[in-house]
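One-letter residues, chain by chain:
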Amino acid sequence: MTKLQPNAKEGRASMSYEDKTLACVECGTSFTFSASEQEFFAAKGLTNEPKRCPDCRQARKQQRRESYDDGNSYGYRQQRQMYSAICASCGKETQIPFEPREGRPVYCSECYAKVRR
Ligand SMILES: [Zn+2]
Ligand SMILES: [Zn+2]
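All figures in this text were calculated on a predicted structure; none of them were measured in a lab. (Residues numbered from 1 in each chain as written. Chains lettered and ligands numbered in written order. Predicted model: local features only at pLDDT ≥ 70, side-chain atom pairs only at ≥ 80, totals over all residues.)

### Here's the deal with the pairing of strand E2 (residues 30-33)
Move 1: Across 4 bridges, strand E1 (residues 20-23) lies against E2 in antiparallel orientation. Across the sheet, the residue bridging to Thr21 is Thr32, located in E2.
Move 2: Here E1 folds back onto E2, and the loop between the two strands holds 6 residues, one of which, Gly28, carries a positive phi near 80°. (Pairing = 2+ DSSP bridges. Helix = DSSP H or I, 4+ residues; strand = E, 2+ residues; numbered from the N terminus.)

Shown next as structure tokens:
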């Protein structure tokens, strides 16, 4: 009997991975960190095991994307160019996120709320 068996499963003899069960730090659910994922992680040079279950990872990704869109959140929102304008209704100076155009009345947020009705 020969022991020279090719590692048919992975096609590689380097290292064998086994499915691992990890607990999600977010929701506590246990999830499988599969052998192929481990290999994928290793191939990317990642040594940390995933901390979250696939669901939470997905949710986080989505959240991140949303908060990114959403005004590129805080930091950016404050850097976003604001224009000063005089409210056409009450005469107060107000900041608006768009360039005031001539002939188009600009309202402060209070008046804008009233005008919109
Ligand atoms: Zn989770
Ligand atoms: Zn006003």
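Moving on from the coordinates now.
### Overview of the pairing of strand E3 (residues 83-86)
Move 1: Bridging between E3 and strand E4 (residues 93-96) involves 4 bridges; their strand directions are antiparallel. Note on E4: the bridge partner recorded for Ala85 is Thr94.
Move 2: Hairpin remark: E3 followed by E4, antiparallel, with 6 residues in the connecting loop; positive phi at Gly91, about 80°.

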